[in-house]
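# Examining the three-dimensional arrangement
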Amino acid sequence: MEKDNRYRRDHEMAYRADESMKEEQFRAKRAIRKYNERMPFEPEKARECLEQSGIQYGKGIYLEPPFYCEYGTHIEIGENFYANTGCVMLDVGKITIGKNVQFGPSVSIYTAGHPIHPESRDSGYEYGIAVTIGDSVWVGGNSVILPGVKIGNNVVIGAGSVVTRDIPDNVCAAGNPCRVIREITEKDRPYYFKNRRFDAEAWEDMGSKNE
């Protein structure tokens, strides 16, 4: 049976973008443009725009404007998510983000791509491959996450990284291409930056919230 381009796109097959996809894109882009205009000064109206975009999200989500996406309906975000300014999600493929995730400024997720060979690329075929990010992940500013990548739970991605391959749970990773630097352990818990420890007041406050 012949498959239309929307089917091909949504099943991670090579596809050609056609007129049938434009209205999907326009609906999301209109809603996100309004979101960017209204947040943070009209938060209730901004949230209505976010709902109209088709993005599925949990409570406590905040996308610092400007934010950009392609379809909206291909994005699913867990609770307590924060993205700093300039976040881009090219959601041709599915983007799934867990809970308690933070993005620095100008983080980009690219599920979309094009063939390497010039003749194949010139054909107009492209693809979208899903990206998955686990719980309690911090992605540093100006990082790029490429198609097909899976980032595990409790991961820190260093600023300026280009993530081209899967990253396992409980590690710090950085670089271009992004590589695991070290494991995150209990020894890291008392520190908020390099060798700077939490003071007693902050430590007690953290403990009371974790009870």
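Our structure's up above, just so we're on the same page.
Here's a quick rundown of the structure. (Residues numbered from 1 in each chain as written. Predicted model: local features only at pLDDT ≥ 70, side-chain atom pairs only at ≥ 80, totals over all residues. Heavy atoms only, no water.)

### Quick look at the packing of helix α2 (residues 19-38) against helix α3 (residues 43-52)
Direction vectors running N to C along α2 and α3 enclose 165 degrees, while the axes themselves pass 8 Å from each other. What the angle tells us is that α2 and α3 run roughly antiparallel. The two elements α2 and α3 cross, and the hand of that crossing is left-handed. Counting all contacts with α2, which are made through R27, A31, I32, K34, Y35 and R38, the residues of α3 involved are P43, K45, A46, C49, L50 and Q52. Here the residues of the contact of α2 with α3 sort into 7 nonpolar, 1 polar and 4 charged. (Axes fitted to C-alpha atoms, helices over the stretch in contact; angles between N-to-C directions. Helix = DSSP H or I, 4+ residues; strand = E, 2+ residues; numbered from the N terminus. Parallel < 35°, antiparallel > 145°, perpendicular 65-115°, else oblique. Left-handed = near helix turned anticlockwise from the far one by under 90°. Contact = heavy atoms within 4.5 Å. Nonpolar A, V, L, I, M, F, W, Y, C, P; charged D, E, K, R; others polar.)

### Some thoughts on α3
Residue pairs spaced three or four apart in an α-helix point in one direction, given the helix's 3.6 residues per turn. Residues A46, C49 and L50 constitute the buried set of α3. Burial along α3 is one-sided: seen end-on, the buried residues are contained in an arc of 100 degrees. Exposed residues lying more than 90 degrees from the buried face of α3 are E44 and E51. Structurally, α3 contributes buried residues whose contacts are with α2, β1 (56-57) and β2 (62-63). One or two steps after α3, the chain reaches G54, where phi turns positive at roughly 90 degrees. (Buried < 20%, exposed > 50% of the residue type's maximum accessible area, 1.4 Å probe, protein only. Arc of directions from axis to C-beta.)

### Some remarks on the pairing of strand β19 (residues 179-183)
Here strand β18 (residues 171-174) pairs with β19 via 4 bridges, running antiparallel. Across the sheet, residue V171 finds its bridge partner in β19, namely E183. The turn linking β18 back onto β19 is made up of 4 residues, and G175 within it adopts a positive phi angle of 110 degrees. (Pairing = 2+ DSSP bridges.)

### A word on the side chain of H74
Structurally, H74 can be placed in the loop between β3 (67-69) and β4 (75-77). On the accessibility criterion, H74 (12% relative accessible area) is buried. Excluding anything up to four places from it in sequence, H74 contacts R9, D10, D91, V92, G93, K94 and I95.

### Notes on the sheet that holds strand β6 (residues 87-90)
The strand order β3-β6-β9-β14-β17 describes an open sheet built from 5 strands, whose pairing is parallel. The strands lining the two open edges of the sheet, one partner per strand, are β3 and β17 (162-163). In this structure, β6 lies alongside strand β9 (residues 108-110), joined through 3 bridges in parallel fashion. Its bridge partner being in β9, L90 is matched across the sheet by Y110.

### Quick word on the state of the cysteines
Two cysteines joined by a covalent bond between their sulfur atoms form a disulfide. Here the structure, examined in full by the defined rule, presents 0 disulfides. Residue C87 stays outside any disulfide, its sulfur separated by 9.4 Å from that of C69, the closest cysteine. Taking the relative accessible area as the measure of exposure, C87 reaches 1% and is therefore buried. (Disulfide = S-S within 2.5 Å.)

The quantities given are spatial measurements derived from coordinates; they are silent on function.
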